[in-house]
Amino acid sequence: AQLSVVGTSALLQEFLLPRAYEAALYGWDGGPDPDPYPGWHSSQVKEGKNLADYAGEEADRLMQQARQTTDPARREELYGAFQQTFLNDMPSVILYYPVYTYAVRGDVRGLEPGVLFEPSDRFRNIEGWYREDH
């Protein structure tokens, strides 16, 4: 293997988008919406970010249905089915997904835990935090 280390812009423009690589390690942040469409739908192969050139009819159908519903439970169900299809097809290997875990003292109240997309999100509602006096 011959290793080439390049900046993000060069990686995208010179290697990934023109598909001029045999293997690549690439970090992609899709943002707070878990929509996999930009990275995995077959319509995104030529001009989009589907860098693995993945095309799967079932995967496409599930992603399209998930985009068309506003019901969070149905969307979660469809994304779960997509993940299983992705796992079966294995167009790429996902190495990791960052998980942030934070400890909080037991007497701190007013926290509203939720999904953390950035480490700073743990302070989302800091103005409502307080401690109970003993």
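In this text, all values refer to a predicted model and were calculated from it rather than measured experimentally.

A. Broad picture of the layout of surface pockets. Of the pockets and cavities examined, the largest pocket occupies roughly 1700 Å³. Along the wall of the largest pocket there are 40 residues; nearest its centre are Trp-28, Trp-40, Ile-94, Tyr-96 and Tyr-97. Going through the elements one at a time, α2 (37–40) and α4 (72–89) are the ones with two or more residues in the lining of the largest pocket. Here the lining of the largest pocket gets six residues from one element, more than from any other, and that element is α4. The residue makeup of the lining of the largest pocket, split by class, is 28 nonpolar, seven polar and five charged. Approximately 480 Å³ is the volume attributed to the second largest pocket. Taken together, 14 residues make up the lining of the second largest pocket; nearest its centre are Gln-2, Ser-4, Tyr-21, Ala-23 and Ala-24. Looking at the lining of the second largest pocket, its residues break down into 11 nonpolar, two polar and one charged.

B. Geometry of the environment of Leu-111. Along the chain, the position of Leu-111 falls in the loop between β1 (108–109) and β2 (130–131). Once the C-alpha coordinates of Leu-111 and Arg-122 are considered, the two residues, 11 residues apart in sequence, prove to be 9.0 Å apart. Contacts of Leu-111, omitting those with residues within four sequence positions, involve Val-104, Asn-125 and Trp-129.

C. Local environment of the packing of aromatic side chains. Evaluated as defined, the whole model comprises five aromatic pairs. Stacked on the ring of Tyr-37, the Lys or Arg Arg-67 has its end atom at 3.9 Å from the ring centre.

Criteria and thresholds
Residues numbered from 1 in each chain as written. Predicted model: local features only at pLDDT ≥ 70, side-chain atom pairs only at ≥ 80, totals over all residues. Heavy atoms only, no water. 1 Å grid on protein atoms, 1.4 Å probe; cavity = no way out; pocket = protein on both sides within 12 Å on 5 of 7 lines; lining within 4 Å. Points joined across faces, edges and corners; volume = space filled by probe spheres on them. Helix = DSSP H or I, 4+ residues; strand = E, 2+ residues; numbered from the N terminus. Nonpolar A, V, L, I, M, F, W, Y, C, P; charged D, E, K, R; others polar. Contact = heavy atoms within 4.5 Å. Phe/Tyr/Trp six-rings, centres within 6.5 Å; stacked < 30°, edge-to-face > 60°. Lys NZ or Arg CZ within 6 Å of the ring centre and 35° of its normal.

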